[in-house]
Amino acid sequence: MTLGGLQHRAPIGPSANPHARLPSAPSLLQELNGSMRELARRVAESPSLARQVLDLAVLDGRPGLDVGQALTVLGADNARWRVQTAAVLCALRPADPALGRWWHRHAAMTAVAARSMGGRFAPTLEPEESFCCALLHDMGHLVRAHLNPDEMRRVLALARADGRTLCEAEVDGAVARHTELGALLAMRWGLPDAVVDVCMHHEDDAQDIAEPRSGALVKLVAAGSRMADLVLFPAPRATRARLRDEVKALLGLDDEGFLGAMSRVYDLRPAVVSYAG
């Protein structure tokens, strides 16, 4: 179905969900078709949602705006993407801030990287779509933190013990993959197909995606995620080499192209630090 100009799968019901405690969808996700004025009013009525929308404006290089200004400058369709994404982030905010702090920095770095690289590597994609899908690509980790904070702490501890990625720690910890948790929630909440695909496939090579545009989006976000790890987090030399090779394969880069792309992403780090601390 179509909602607010965005292509969506129909929401799946609780009976299809093996995790009975998944959070309920914010009501605003089903109310994105109104006017810009109405959308801004709805956002302003929720202090936490308004704060999230304004925080995301920092990643656009637009601090100091009010809600109406932050949405108007985006345009109608982009504003609906932005509000939808902000509503999801608010709904999944962990009770323990420590479980979300690392995630928000990685998600923000991935988002600005994907948006900045999209014009060169995926010119058919809308920058806001790339940005918002990248912000949500790892939301399965937030689902885990919501469902089982102790399990999330255990996965984090496994990853920090020897510099493994969270995906590798999930395998070692014998827990559900964050890719599946994120895609399941995205389908249950009726989020756009693009969000479902990015959640499900950003850790693989996107070969199972038949639609070229969706495949390009997944590869762009997957590359941004790996670049974010290289920029933000210390890792063993072997892990960094693997991440570098994966970025080069995803974007079709040689060594010189990779260094140039990484330089541009490093330049975006100050905005991410301002946003996520």
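Conventions and cut-offs
Residues numbered from 1 in each chain as written. Predicted model: local features only at pLDDT ≥ 70, side-chain atom pairs only at ≥ 80, totals over all residues. Heavy atoms only, no water. Helix = DSSP H or I, 4+ residues; strand = E, 2+ residues; numbered from the N terminus. Buried < 20%, exposed > 50% of the residue type's maximum accessible area, 1.4 Å probe, protein only. Contact = heavy atoms within 4.5 Å. Areas by Shrake-Rupley, 256 points an atom, 1.4 Å probe, with all protein chains shown as cover. pLDDT = per-residue confidence, 0-100. Axes fitted to C-alpha atoms, helices over the stretch in contact; angles between N-to-C directions. Parallel < 35°, antiparallel > 145°, perpendicular 65-115°, else oblique. Left-handed = near helix turned anticlockwise from the far one by under 90°. Arc of directions from axis to C-beta. Salt bridge = Lys/Arg side-chain N within 4 Å of Asp/Glu carboxyl O. Nonpolar A, V, L, I, M, F, W, Y, C, P; charged D, E, K, R; others polar.

### Some details on the overall build of the protein chain
From N to C terminus, the protein chain includes 15 helices and two strands. A total of 277 residues make up the protein chain; the buried ones form 52% of that total. The long-range share in the protein chain, meaning contacts at least 24 apart out of those at least 6 apart in sequence, stands at 73%. Carbon and sulfur atoms form 53% of the exposed surface of the protein chain, whose accessible area is close to 12,000 Å².

### Regarding helix α10 (residues 178-188)
Burial runs high along α10: nine of the eleven residues are buried. The complete set of buried residues in α10 reads H178, T179, L181, G182, A183, L184, L185, A186 and R188. A positive phi of about 70° marks G190, the residue just after α10.

### Describing the environment of R269
Along the chain, the position of R269 falls in helix α15 (residues 269-276). As for R269 and A113, which are separated by 156 residues in sequence, their C-alpha atoms are 9.4 Å apart. Setting aside residues up to four positions removed in sequence, R269 forms contacts with R105, M109, V231 and L232.

### Considerations on the confidence of the model for the protein chain
In the predicted model, the protein chain carries a mean pLDDT of 85, and the fraction of residues at 70 or more is 88%. Summarising per-element confidence for the protein chain, the mean pLDDT is lowest in strand β1 (residues 2-3) (32) and highest in helix α6 (residues 127-136) (97). Across residues 1-20 the pLDDT falls below 50, and counting only partners more than four positions away or on other chains, this stretch makes 50 contacts in the model.

### A look at the packing of α6 against helix α12 (residues 212-232)
At a closest axis distance of 10 Å, the pairing of α6 and α12 adopts a crossing angle of 55°. With respect to α12, the element α6 is oriented oblique. Relative to α12, the crossing made by α6 is right-handed. For the pair α6 and α12, contact is made by E129, S130, C133 and A134 and by R213, L217, L220 and V221, respectively.

### Considering helix α1 (residues 36-44)
Turning to α1, its buried residues number three or more, namely L39, A40 and V43. In a view along the axis of α1, the buried residues occupy a sector of 95°, so they form one face of it. Against α2 (47-59), α3 (67-72) and α4 (76-91) lie the buried residues of α1.

### Structural notes on the pattern of salt bridges
Where charged atoms of side chains with opposite charge meet at close range, the side chains can pair. Applying the stated rule across the entire model yields 19 salt bridges. A salt bridge links E129 to R213, with the nearest nitrogen and oxygen atoms 2.5 Å apart. Of this pair, E129 sits in helix α6 while R213 sits in helix α12, and the two are 84 residues apart along the sequence. Close ionic contact of E151 with R144 constitutes a salt bridge, the shortest N to O distance being 2.8 Å. The pair formed by E151 and R144 is uniform in burial state, with each residue classed as buried.

### What about the packing of helix α5 (residues 98-121) against α15?
Where α5 contacts α15, the two axes come as close as 9 Å, and the packing angle between them is 145°. For the pair α5 and α15, the crossing hand works out as right-handed. Seen from α5, the contacting residues are H104, R105, A108, M109 and V112; seen from α15, they are R269, V272, Y275 and A276. Its residues assigned to classes, the contact of α5 with α15 shows six nonpolar, one polar and two charged.

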